[in-house]
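Below, each chain spelled out in residue letters.
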Amino acid sequence: MIQGTGKVISNRKIKPGYCLMAVKCQPIAKKAKPGQFLTIRCGDTDTPLLRRPFGFHRINASGFEILYEIKGKGTRFLSGLKPGGMIDLLGPLGNGFTVPKGRKNFIILAGGIGVAPLASLADALAKIKSGKTYAILGARSRKNLLCVEHFGNIGIETIVATDDGSCGEKCFATDILNSFLSVKKDFRPVIFACGPRGMLKAAGRIAEKRGLECYVSLEENIACGVGACLGCAIKTGSGYKLVCKDGPVFNAKEVIW
Ligand SMILES: Cc1cc2nc3c(=O)[nH]c(=O)nc-3n(C[C@H](O)[C@H](O)[C@H](O)COP(=O)(O)OP(=O)(O)OC[C@H]3O[C@@H](n4cnc5c(N)ncnc54)[C@H](O)[C@@H]3O)c2cc1C
Ligand code: FES
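Residues numbered from 1 in each chain as written. Chains lettered and ligands numbered in written order. Predicted model: local features only at pLDDT ≥ 70, side-chain atom pairs only at ≥ 80, totals over all residues. Heavy atoms only, no water.

Asker: Account for the nonpolar core, naming residues and giving values.
Answerer: Grouped together as the largest cluster of nonpolar side chains are 35 residues, with contacts concentrated most on Ile107, Leu109, Leu177, Leu181, Ile191, Val216 and Leu218. For this core, the elements supplying multiple residues, two or more each, are strand 7 (86-93), strand 8 (105-111), strand 9 (132-139), helix 5 (173-183), strand 12 (190-194), helix 6 (197-209) and strand 13 (214-217). Two domains share this core, each providing at least three of its residues, namely domain 1 (2-93) and domain 2 (105-254). When sequence neighbours within four positions are dropped, the list of residues in contact with leucine 181 reads Ile107, Pro189, Ile191, Ile206, Arg210 and Leu212. With 29 residues, the next largest nonpolar core counts Cys167, Val190, Phe192 and Tyr215 among its residues. (Core = buried A, V, L, I, M, F, W, Y, C linked by side-chain atoms within 4.5 Å. Buried < 20%, exposed > 50% of the residue type's maximum accessible area, 1.4 Å probe, protein only. Helix = DSSP H or I, 4+ residues; strand = E, 2+ residues; numbered from the N terminus. Domains from an automatic or database assignment. Contact = heavy atoms within 4.5 Å.)

In structure tokens:
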């Protein structure tokens, strides 16, 4: 884990309420893995006091991108940063996605802004040429749908679902997952998911029913980010675990929802 300074390379609104920020910080980029996260000091003063956690959207040799939804004080501050600005970073933190050895078929399941950390995973999975990766991207509406183009550009077949039917099928992403697995019985993918807790719980159930592995990236309020304050504990089959240190990625069957 490194505490360092990053330089904002670009920071632009990609849709109302959503921004994409490219940051140069080679020491953190060199160590970062898909599914890990970093925390950012989101202010020039002591407020907000707590750093805010973000996944690595895409990772390259000299830096990374953060895809974020503007929610409150911290993310509003981030959205105002200009190219050339410097930010205080801590990362990489936690344990990211591990691709089980020998597996080559995958499904990426994302709900809303949950797609943010899955793009770097998709970049890695797209390089495994012997199998196939599908992405199922869900959102409330077309306005909240992100990254469809990115997944297409790296050759990942993508299925879209929206709650209001404004893009793709009018259903939940987990409905698509269920029907997809019913049709493609021999596909037997590993599922990687990030999104609202209800979606992750449903994905875990679907996977368990079918005897598939499913890894979920969980969100909890993060304070210290390094396992010291115990503020991000969740219940698992083997006792309490910390989202910031033991996660944020967990095997879905371990989590007590
Ligand atoms: C491991 C992890 C990775 C994340 N990755 C991303 C990402 O890639 N892109 C993205 O847009 N968002 C991500 N988030 C959520 C993001 O951290 C929150 O949206 C952000 O902290 C909100 O800060 P704020 O000051 O703008 O909003 P606030 O005004 O503080 O709060 C608005 C909402 O954000 C939640 N929130 C506030 N502080 C935290 C915190 N420290 N940790 C978690 N949730 C918080 C609150 O419960 C509330 O619902 C991630 C969260 C975690 C735990
Ligand atoms: S945020 Fe402090 S232990 Fe996880």
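Asker: Describe the sheet that holds strand 9, and please don't skip the residues or the numbers.
Answerer: Pairing in this open sheet of seven strands is mixed, and the strands run 11-10-9-8-12-13-16 from one edge to the other. Each edge of the open sheet is held by one strand with a lone partner, namely strand 11 (169-170) and strand 16 (249-251). As judged from the six bridges shared by strand 9 and strand 10 (residues 157-162), these two strands associate in the parallel manner. Each bridged residue has a counterpart across the sheet, and for tyrosine 134 the counterpart in strand 10 is glutamate 157. Relative to strand 8, helix 5 is tilted by about 160°, and along the sheet it contacts strand 8, strand 9, strand 10, strand 11 and strand 12. (Pairing = 2+ DSSP bridges. Axes fitted to C-alpha atoms, helices over the stretch in contact; angles between N-to-C directions.)

Asker: So what's going on with the pairing of strand 6 (residues 63-69)? Residues and values would help.
Answerer: Remark: a regular strand shows side chains that alternate across the two faces of the sheet. Buried residues dominate strand 6, accounting for five of its seven residues. Here strand 2 (residues 18-24) runs beside strand 6; their pairing, made up of seven bridges, is antiparallel. Paired with alanine 22 across the two strands is glutamate 65, which belongs to strand 6. Pairing of strand 5 (residues 58-59) with strand 6 involves two bridges; the strand directions are antiparallel. In the sheet register, isoleucine 59 faces strand 6, and the bridge partner there is phenylalanine 64. Connecting strand 5 to the next strand, strand 6, in antiparallel fashion are three residues.

Asker: How would you explain helix 5 if you had to name every residue and give the values?
Answerer: Residues of helix 5 that are buried include every one of Ala173, Thr174, Ile176, Leu177, Phe180 and Leu181, and no others. Down the axis of helix 5, the buried set is contained in an arc of 150°. They therefore lie on one face. In this structure, the buried residues of helix 5 make contact with strand 8, strand 9, strand 10, strand 11, strand 12 and helix 6. (Arc of directions from axis to C-beta.)

Asker: Can you lay out the side chain of arginine 51 for me, pointing to particular residues and giving the numbers?
Answerer: For arginine 51, the location among the structural elements is in the loop between strand 3 (37-40) and strand 4 (52-55). Reaching out from arginine 51, the side chain makes a polar contact with the backbone oxygen of threonine 39 at a distance of 3.4 Å. In terms of polar contacts, arginine 51 uses its side chain to reach the side chain of aspartate 88, at 2.8 Å. Apart from the residues lying within four places of it in its own chain, the contact partners of arginine 51 are Gln3, Thr39, Ile40, Arg41, Asp88, Leu89, Leu90 and Ile222. (Polar contact = N/O pair within 3.5 Å; in protein donor to acceptor, adjacent residues only side chain to side chain.)

Asker: Requested: an account of the packing of aromatic side chains, with residues and values cited.
Answerer: With the rule as written, the count across this model stands at eight aromatic pairs. Judged by centre distance (5.3 Å) and plane angle (80°), the ring pair of tyrosine 134 and phenylalanine 187 falls under edge-to-face. With tyrosine 134 in strand 9 and phenylalanine 187 in the loop between helix 5 and strand 12, this residue pair connects regions lying 53 residues apart in the sequence. Residue classification places tyrosine 134 among the buried residues on the basis of a relative accessible area of 6%. Grouping aromatic residues by their ring pairs yields a cluster made of Phe97, Phe106, Phe192 and Tyr215. It is lysine 132 that lies over the ring of tyrosine 134; its NZ or CZ is 4.9 Å from the centre. (Phe/Tyr/Trp six-rings, centres within 6.5 Å; stacked < 30°, edge-to-face > 60°. Lys NZ or Arg CZ within 6 Å of the ring centre and 35° of its normal.)

Asker: How would you sum up the site of ligand 1? Please name residues and give values.
Answerer: Around ligand 1 sit 19 residues, and of these Arg52, Pro53, Glu69, Gly74 and Thr75 come closest. Contacts to ligand 1 include arginine 52, whose side-chain N or O atom sits 2.7 Å from an oxygen atom. In this structure, glycine 55 approaches ligand 1 through a main-chain N or O atom, which is 3.0 Å from a nitrogen atom. Here ligand 1 loses 79% of its free accessible area of 840 Å² to cover by the protein chains. (Near = heavy atom within 4 Å. Areas by Shrake-Rupley, 256 points an atom, 1.4 Å probe, with all protein chains shown as cover.)

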